[in-house]
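Reading the structure
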Amino acid sequence: MEQGYSGREWNKITLQDELTGHIHTEWAGQPVCVYETIDSTNVACAALAQEGAAHGTLVAANEQTAGRGRRGRSWESPGGNQLYFSLLLRPDLAPEKAPMLTLVMALAVAEAVRETTGLPAEIKWPNDLVVQGKKVCGILTEMRLDNTRKHGIDSVIVGVGVNVGARDFAAELADKATSLEQECGTAQDRGVLLGAILQAFERLYAAFVAAGDLSALQEQYNAYLVNLGRDVTVLDPQGTYNGIAEGITTTGELLVRLPDASTRTVFAGEVSVRGIYGYV
Ligand code: BTN
């Protein structure tokens, strides 16, 4: 209870209030740990994992003071109507299969955004979500190994940041990033969105685990792939080259057809892919 405006009492609506009642899954998001402000939900989730937290534990925050992006970048995480969360997984998988979980999450977020907003969300391989060619979501997956376990994985943390209600982006991001609210023209409910993401993830994860790879999800992923059939530039440390994206393999690599008609398999860890004219 807080006081303001001539001493009247008021209750602040917290992220906890907004999420309550929206999570209807069996394990994903069971339990949920909600913070108003934290350094990074991935860091908090990793600490919980080390303390023995269960598969499915979720950490969400209204604001992050040290949000982490891919390739050592930071992830701007102001408070307000944004979504920042990290899901703890303890899969019985070989470590080399863990990067596929990022693609499973990208597909879950794409499905959930389409379902809850009606926007034609697409995936920029491997794991950015775009709407009308601009980024609305980034995913950072971090793994911890444990050599005493059967397959060597202690935990995988899949961290997701969705621009739900952001209105202003830094000048260098303005032509590359957007938010669901900007694209819809109306405010979006982050509790509803999180509930839909977790429900989709639970179903897609089961299909992934049953197959042991992305074969059951490949067709749907390729249907949402913004790069499909487009010219792409592959920024490979060994040398940049252009080609046409032909979709993902059953293990999540991108197939790129080169001008001489040969095909290259692009591994996500090593390179980034850009459209030849810009971000997608
Ligand atoms: C990217 O660079 O595209 C990935 C961004 C991932 C950001 C999310 S926000 C929630 C979670 N906690 C973090 O510190 N990072 C991820």
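Just above sits the structure.
For the structure given in this document, a descriptive report is provided here.

So, how was this worked out
- Residues numbered from 1 in each chain as written.
- Predicted model: local features only at pLDDT ≥ 70, side-chain atom pairs only at ≥ 80, totals over all residues.
- Heavy atoms only, no water.
- Buried < 20%, exposed > 50% of the residue type's maximum accessible area, 1.4 Å probe, protein only.
- Helix = DSSP H or I, 4+ residues; strand = E, 2+ residues; numbered from the N terminus.
- Pairing = 2+ DSSP bridges.
- Axes fitted to C-alpha atoms, helices over the stretch in contact; angles between N-to-C directions.
- Arc of directions from axis to C-beta.
- Contact = heavy atoms within 4.5 Å.
- Polar contact = N/O pair within 3.5 Å; in protein donor to acceptor, adjacent residues only side chain to side chain.

**Considerations on the pairing of strand β7 (residues 128-131)**
Across the two faces of β7 the burial is the same, with Asp128 and Val130 and Leu129 and Val131 all buried. Here three bridges tie strand β6 (residues 122-124) to β7, and the two strands are oriented antiparallel to one another. Across the sheet, residue Glu122 finds its bridge partner in β7, namely Val130. Counted along the chain from β6 to the antiparallel partner β7, the turn is three residues long. Pairing of β7 with strand β8 (residues 134-145), which is carried by three bridges, proceeds in the antiparallel orientation.

**Description of unusual backbone geometry**
Look at the link from Gln30 to Pro31: it is a cis peptide, with omega at 5 degrees. Within the fold, Pro31 resides in the loop between α1 (15-19) and β3 (32-38). Cis geometry marks the peptide bond from Trp125 to Pro126, where omega comes out at 0 degrees. Structurally, Pro126 can be placed in the loop between β6 and β7. With a phi close to 55 degrees, Arg71 is a non-glycine residue in the positive phi region. Following the sequence through the fold, Arg71 ends up in the loop between β4 (58-64) and β5 (83-89). Residue classification places Arg71 among the partly exposed residues on the basis of a relative accessible area of 44%. Backbone geometry places Gln132, a non-glycine residue, at a positive phi of 50 degrees. You can see Gln132 is positioned in the loop between β7 and β8.

**Considerations on the sheet that holds strand β12 (residues 254-257)**
Strand order across the open sheet formed by five strands is β13-β12-β11-β10-β14, with antiparallel pairing between neighbours. Edge positions in the sheet fall to β13 (263-266) and β14 (272-275), since each of these pairs with one other strand and no more. Neighbour-to-neighbour, the strand axes of this sheet turn through a mean angle of 45 degrees, independent of strand direction. Bridging between strand β11 (residues 241-248) and β12 involves three bridges; their strand directions are antiparallel. Residue pairing for β12: Ile248 is matched across the bridge by Leu254.

**Regarding helix α2 (residues 41-50)**
Residues spaced three or four apart along an α-helix point in a common direction, a consequence of the helix completing one turn every 3.6 residues. The complete set of buried residues in α2 reads Thr41, Asn42, Ala44, Cys45, Leu48 and Ala49. End-on, the buried residues of α2 take up no more than an arc of 160 degrees, which puts them together on one face. Of the surrounding elements, those touching the buried residues of α2 are β3, β4, β5, β8 and β9 (153-162). For α2, the capping residue at the N-terminal end is Ser40, with a side-chain oxygen 3.1 Å from the backbone nitrogen of Asn42. One or two positions beyond α2, positive phi appears at Gly52, with a value near 100 degrees.

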